[in-house]
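Structure at a glance
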Amino acid sequence: GVIGYGSIGRKVADIARVFGMKVMAYSRSQEKKDPNFRILEYASIDDILANSDIVTMHCPLNEDSKYMCNKEFFKKMKKTALFVNVGRGAIVDTDALIDALKTGEIDYAALDVTNPEPLPADHPLLSIDNCLIVPHIGSYTDRTRYDMSMLTANNIIAGVHKKPLQTCVNEEVNYKMCGPI
């Protein structure tokens, strides 16, 4: 189950299908139909949680997604499920995740992002055996780092010229810098 079916979610779905997995996906904007028909079905979050062996999060952080992965979210997942977060740390209620892992509510978690980030050395999440945490390096490839460097440079140039930033996380910043876009 892919929650957040943007460019990264689509790539994950493509890879999963190569391995013969049935893919269900949720996007806030379900009306954005995938022109290449790369997934088998759009589904509600509840359907994904109830039916998926793997739930992978690719959501941006906003008012709707903040702490969306909470106690109720994990209770709706299959007990044998793997939870993966490569989106933003604050979409997960960390205490609820810890509880879900310790009580067997879900089987395993793999996190590329956490809340807080970085985790303090004594954080309880680090002592849980059924949780893999990597230091926000899931995207690390030479090509990705090159592309990120170019994007950063282009955003700096755009900002200096008071033009919209290409990938501004906070649209309010773009508006304050450049006015209506």
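What comes next is a walk through the structure.

Parameters at a glance
Residues numbered from 1 in each chain as written. Predicted model: local features only at pLDDT ≥ 70, side-chain atom pairs only at ≥ 80, totals over all residues. Heavy atoms only, no water. 1 Å grid on protein atoms, 1.4 Å probe; cavity = no way out; pocket = protein on both sides within 12 Å on 5 of 7 lines; lining within 4 Å. Points joined across faces, edges and corners; volume = space filled by probe spheres on them. Nonpolar A, V, L, I, M, F, W, Y, C, P; charged D, E, K, R; others polar. Phe/Tyr/Trp six-rings, centres within 6.5 Å; stacked < 30°, edge-to-face > 60°. Helix = DSSP H or I, 4+ residues; strand = E, 2+ residues; numbered from the N terminus. Buried < 20%, exposed > 50% of the residue type's maximum accessible area, 1.4 Å probe, protein only. Pairing = 2+ DSSP bridges. Contact = heavy atoms within 4.5 Å. Axes fitted to C-alpha atoms, helices over the stretch in contact; angles between N-to-C directions. Expected span 1.5 Å × (residues − 1). Arc of directions from axis to C-beta. Right-handed = clockwise from strand over helix to strand, strands pointing away. Salt bridge = Lys/Arg side-chain N within 4 Å of Asp/Glu carboxyl O.

Looking now at empty space enclosed by the protein. All told, the structure shown has 1 cavity of 30 Å³ or more when counted by the stated rule. Size it by volume and the largest cavity reaches roughly 40 Å³. In this structure, the largest cavity is lined by Asn85, Gly89, Val92, Thr94, Leu97, Leu111, Val113, Thr114, Asn115 and Leu125. Here the lining of the largest cavity is built from residues that sort into 5 nonpolar, 5 polar and no charged.

Before going further, it helps to examine the packing of aromatic side chains. The final tally for this structure, using the stated rule, is 4 aromatic pairs. Ring plane angle 90° and centroid distance 6.0 Å describe the contact between Tyr5 and Tyr42, whose orientation is recorded as edge-to-face. Pair noted here: Tyr5 is in the loop between β1 (2-3) and α1 (7-18) and Tyr42 is in strand β3 (residues 41-42), with a separation of 37 residues, a long-range link. With relative accessibility at 3%, the residue Tyr5 sits in the buried group. Assessed through its relative accessible area of 23%, Tyr42 is described here as partly exposed.

Looking now at the sheet that holds strand β5 (residues 82-85). Taken in spatial order, the 7 strands of this open sheet run β3-β2-β1-β4-β5-β6-β7, and their pairing is parallel. Sheet topology places β3 and β7 (131-133) at the edges, where each strand pairs with a single neighbour. Bridge count between strand β6 (residues 108-111) and β7: 3 bridges; the pairing is parallel. When the bridges of β7 are listed, Ala109 appears paired with Cys131. Contacting β5, β6 and β7, helix α4 (residues 94-103) runs over the sheet at an angle of about 145° to β6.

Given 3.6 residues to a turn, an α-helix orients residues that are three or four positions apart in the same direction. With 12 residues, α1 extends 17 Å between its outermost C-alpha atoms, agreeing within 8% with the 16 Å of an ideal straight helix rising 1.5 Å per residue. For α1, every residue scored as buried is listed here: Gly9, Arg10, Ala13 and Ala16. In a view along the axis of α1, the buried residues occupy a sector of 120°, so they form one face of it. The exposed residues of α1 that point more than 90 degrees off its buried face are Ser7, Ile8, Lys11, Ile15 and Val18. Buried residues belonging to α1 abut β1 and β3. In the segment just after α1, Gly20 is the residue with positive phi, at about 80°.

Turning to the pairing of β6, a few remarks are in order. Summarising the sheet, β5 and β6 pair through 4 bridges and their orientation is parallel. Following the sheet pairing, Val84 is matched in β6 by Ala110. Tracing the backbone out of β5, into α4 and back to the parallel element β6 gives a crossover that is right-handed.

Moving on, we come to the pattern of salt bridges. Pairing of side chains with opposite charge becomes possible as their charged atoms draw close. A full pass over the atoms with the stated rule returns 5 salt bridges. The shortest N-O distance in the salt bridge between Glu105 and Lys75 comes to 3.7 Å. Of this pair, Glu105 sits in the loop between α4 and β6 while Lys75 sits in helix α3 (residues 71-76), and the two are 30 residues apart along the sequence. The class for Glu105 is buried, based on a relative accessible area of 15%. The exposure class of Lys75 is partly exposed, given its relative accessible area of 48%. Between Arg143 and Asp147 there is a salt bridge, with the nearest N and O atoms lying 3.0 Å from each other.

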